[in-house]
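Summary of the model geometry
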Amino acid sequence: MPANRELDSNEMDDRTMAARLQAAKDIAREAGRAALTYFRSPDTLKVTSKGRQDFVSQADHAVQTLIQDRLHALFPRDGFLGEEGDAGIDEGDGNGIWVVDPIDGTSNFIHQVPVWCVSIAYVRQDRIEAGVIYDPNADELFAARRGRGAFCGETRLSCSPAGSLAQGNVGIGHSTRTSTAPAVDSIRRLLDAGGMYQRSGSGALMLAYVAAGRLLGYLEAHINSWDCLAGILLVREAGGWTNDFLAHDGLLHGNPIMAAAPGIADALRAVAAFEP
């Protein structure tokens, strides 16, 4: 490109979004390494309870602070929403918002189960523009940018080609924010339809696995935005289907989540015991 040619608005936006995705990748890796340091020293980890089966550790706070500081240094006008933020949402100047879960799967983390991850998403004008999920235990970095595909490392992701629930497993999540009925009834319906389920304790990772074709789909009657926005973009960019999670103020208050490989989306909706 000639040095004196000015970039048009589309080229500028493309460059700024590419910079945000790369920053999210780099920061997720750094955050994952920091979290691993805490994970490998469980005897010194301080843990408190936010509610029934809802834990937070000093690692969650420290890793979120690291992510927020790094993002603010690079993109000072962007907003920020993190799971451990007592002050709520920082809307920035309206340019966009970073939505972060520093450790998704904290219960696994504090009980020495190596199934947890760092999740970072960038949302602008109610669209998920970029998403990164990093699993430091497996050293797997899942990343997606709207309209540009989803990847694990350098490998392009694609949802499962399955056409039946009997051809794989469906992830089903549950939290104490809802009654047990949606999860229990969904499991019963899924089993009756010839399917099988699993729950790993990390909604973000299970959504990444849907994008990677490892799971057929994922269901949860209520999930928070920081747990799922990066995963939603991964699934969409890998050719899958998800419900409109950000509708009805899902960013701040959460919503049901349903994500599926294209060939089983209708079947998954049929077995779900709640409306997406």
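Here is what the cut-offs are and how they apply
Throughout this description, residue numbers start from 1 for each chain and increase along the sequence as written. Under the rules for a predicted model, residues below a pLDDT of 70 receive no local features and side-chain atom pairs below 80 are neither given nor counted, while totals for whole chains, interfaces and linings still include all residues. Hydrogens and waters are ignored; side-chain quantities use all the structure's heavy atoms. The helix count covers DSSP runs of H or I at least four residues long, the strand count covers runs of E at least two residues long, and both are numbered beginning at the N terminus. Radius of gyration here is computed from C-alpha atoms only, and the compact-globule reference equals 2.2 Å multiplied by the residue count raised to the power 0.38. Per-residue accessibility, obtained with a 1.4 Å probe over protein chains only, is compared with the maximum for each type, and a residue is labelled buried under 20%, exposed over 50%, and partly exposed between these values. Interaxial angles span 0 to 180 degrees and are taken between N-to-C directions of axes, which are lines fitted to C-alpha atoms, for helices over the stretch in contact. Angle categories: roughly parallel below 35 degrees, roughly antiparallel above 145, roughly perpendicular from 65 to 115, and oblique for all the rest. By the convention used here, residues are in contact when the closest approach between their heavy atoms is within 4.5 Å. Side-chain classes follow a simple rule in which Ala, Val, Leu, Ile, Met, Phe, Trp, Tyr, Cys and Pro form the nonpolar group, Asp, Glu, Lys and Arg form the charged group, and the remainder, Gly included, forms the polar group. Candidate patch residues must exceed 30% relative accessible area and have no salt bridge, after which like charges are joined if within 9 Å and Val, Leu, Ile, Met, Phe, Trp or Tyr side chains if within 5 Å. Surface accessibility in these figures is a Shrake-Rupley result with a 1.4 Å probe; residues are shielded only by whichever protein chains are displayed. Counted as salt bridges are all cases of a side-chain nitrogen of Lys or Arg within 4 Å of a carboxyl oxygen of Asp or Glu. Helix span is expected to be 1.5 Å times the residue number reduced by one. The arc in question is formed by the directions pointing from the helix axis toward the C-beta atoms. Polar contact is defined as a pair of N or O atoms within 3.5 Å, subject to the rule that within protein one atom must be able to donate a hydrogen and the other to accept it, and that residues adjacent in sequence are counted only when both atoms are side-chain atoms. A pair of strands counts as paired when DSSP detects no fewer than two bridges linking them. Both cavities and pockets are sets of points on a 1 Å grid over the protein atoms alone; in a cavity a 1.4 Å probe fits but cannot get out, in a pocket the set is open with protein on both sides within 12 Å along at least five of seven lines, and lining residues sit with an atom within 4 Å of a point. Grid points are joined across faces, edges and corners, and a volume is the space filled by probe spheres set on the points. Think of a nonpolar core as a cluster: buried Ala, Val, Leu, Ile, Met, Phe, Trp, Tyr and Cys residues, connected wherever their side-chain atoms sit within 4.5 Å.

Looking at the overall build of the protein chain
- Across its full length, the protein chain carries 8 helices and 14 strands.
- In terms of overall size, the protein chain behaves like a compact globule, its C-alpha atoms giving a radius of gyration of 18 Å where 276 residues would be expected to give roughly 19 Å.
- Taking the principal axes of its C-alpha atoms as reference, the protein chain extends roughly 65 × 45 × 35 Å.
- Scored against the burial criterion, the 276 residues of the protein chain give a buried share of 51%.

Side note on the packing of helix 5 (residues 203–211) against helix 6 (residues 225–237)
- For the pair helix 5 and helix 6, interaxial distance at closest approach is 8 Å and the crossing angle is 0 degrees. The pairing of helix 5 with helix 6 is recorded here as roughly parallel in orientation. Contact residues: G203, A204, L207, A208, V210 and A211 in helix 5; D227, C228, G231, I232, L234 and V235 in helix 6.
- Per-class residue counts for the contact of helix 5 with helix 6 are 9 nonpolar, 2 polar and 1 charged.

Digging into a nonpolar patch on the surface
- Residues L191, M196 and Y197 make up a contiguous nonpolar surface patch of roughly 260 Å² in combined accessible area.
- Its location among the elements puts Y197 in strand 11 (residues 196–198).
- Y197 sits in the partly exposed class, given a relative accessible area of 35%.

Quick notes on helix 2 (residues 58–74)
- For helix 2, with 17 residues, the first-to-last C-alpha span of 25 Å sits near the 24 Å given by 1.5 Å per residue.
- Those residues of helix 2 not exposed but buried are A59, D60, V63, Q64, L66, I67 and L71. Down the axis, helix 2 shows its buried residues gathered within 155 degrees of arc, on one side only.
- Two or three places before A59, at the start of helix 2, stands the capping residue S57, its side-chain oxygen 3.1 Å from that residue's backbone nitrogen.

Regarding the pairing of strand 6 (residues 127–135)
- Within strand 6, 8 of the 9 residues are buried, which leaves it mostly tucked inside the rest of the structure.
- As defined by bridge partners, strand 5 (residues 117–124) adjoins strand 6 across 7 bridges and the pair is classed as antiparallel. Bridging across to strand 6, Y122 finds its partner in A130.
- Taking the residues that link successive antiparallel strands as the turn, the strand 5-strand 6 hairpin has 2 residues, and the phi of Q125 there is positive, at about 50 degrees.
- As paired strands, strand 6 and strand 7 (residues 140–145) are joined by 6 bridges and run antiparallel to one another. Note that in strand 7 the partner of V132 across the bridge is A143.

Focus: the layout of surface pockets
- In this structure, the second largest pocket encloses a volume near 270 Å³.
- What lines the second largest pocket is a set of 17 residues, and nearest its centre among them are I89, E91, I97, D126 and L251.
- For the lining of the second largest pocket, the leading source of residues is helix 7 (residues 250–253), giving 3 residues.
- Class assignment of the residues belonging to the lining of the second largest pocket gives a composition of 6 nonpolar, 6 polar and 5 charged.

Some words on helix 5
- Burial of helix 5 is extensive: 8 of the 9 residues sit out of reach of the surface.
- Of the residues making up helix 5, those classed as buried are G203, A204, L205, M206, L207, A208, V210 and A211.
- G213 occupies a position one or two residues after helix 5 and carries a positive phi of about 80 degrees.

As for the nonpolar core
- Ranked by size, the top nonpolar core spans 57 residues in total, and within it I133, L229, L234 and L268 carry the most contacts.
- If you tally residues by element for this core, the top one is helix 6, at 8 residues.
- Contacts of L268, omitting those with residues within four sequence positions, involve L165, V170, G217, Y218, L219, M258, A259 and A260.
- Core analysis: the second largest hydrophobic core is formed by 32 residues, A23, A28, W116 and Y122 among them.

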